[in-house]
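Here's the letter readout for the chains.
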Amino acid sequence: MEHQEYIAVAHLCTQYSVKEELFTNLKDTGLIKITTIKKRPCIHIDSIQTVEKIVRLHKDLNVNPEGIDVILNLLEKIDTLSAALNEHKNRLKLYEE
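Because the structure is a prediction, the values reported are computed rather than measured.

Caption draft 1: Quick peek at the sheet that holds strand E2 (residues 35-37). Pairing is antiparallel across the open sheet formed by three strands, whose spatial order is E1-E3-E2. Both outer strands of the open sheet, strand E1 (6-8) and E2, are each paired with one neighbouring strand and no more. Here the strands of the sheet are splayed against their neighbours by 50° on average, with no regard to which way each runs. Of the strands in this sheet, E1 and strand E3 (40-44) touch helix H1 (residues 9-16), which is tilted by about 65° from E1.

As structure tokens, this is what we get:
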């Protein structure tokens, strides 16, 4: 396990101007996974894009972790449905030609 692949939660709190309590709540809700390295809570860099989205929802719209969970699930369903719709459109184009 490479330590370079993780970012300390304390650093993220400073970067995004949020309290560590937010990350604890997100972990408890199951939205993020926190790993302890050298007694410091850290997040894998692959999760940073999700963390940024979550922080924007929390700060800009004042959404709580439970609401963020609902929003992220809905966005995931929209992406899935959009991909399926594009697949069906491409199939229909075959018959139009």
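Caption draft 2: Region of the structure containing the nonpolar core. Among the nonpolar cores identified, the biggest contains 20 residues, and Phe23, Ile32 and Ile43 are the most heavily contacted of them. Counting only elements with at least two residues in this core, the list comes to H1, helix H2 (20-29), helix H3 (48-61) and helix H4 (65-96). In terms of residues, this core owes the most to one element, H3, which gives five residues. Apart from the residues lying within four places of it in its own chain, the contact partners of Ile43 are Glu5, Tyr6, Ile7, Val9, Leu12, Phe23, Ile32, Lys33, Ile34 and Val51.

The rules behind the values
Residues numbered from 1 in each chain as written. Predicted model: local features only at pLDDT ≥ 70, side-chain atom pairs only at ≥ 80, totals over all residues. Heavy atoms only, no water. Pairing = 2+ DSSP bridges. Helix = DSSP H or I, 4+ residues; strand = E, 2+ residues; numbered from the N terminus. Axes fitted to C-alpha atoms, helices over the stretch in contact; angles between N-to-C directions. Contact = heavy atoms within 4.5 Å. Core = buried A, V, L, I, M, F, W, Y, C linked by side-chain atoms within 4.5 Å. Buried < 20%, exposed > 50% of the residue type's maximum accessible area, 1.4 Å probe, protein only.

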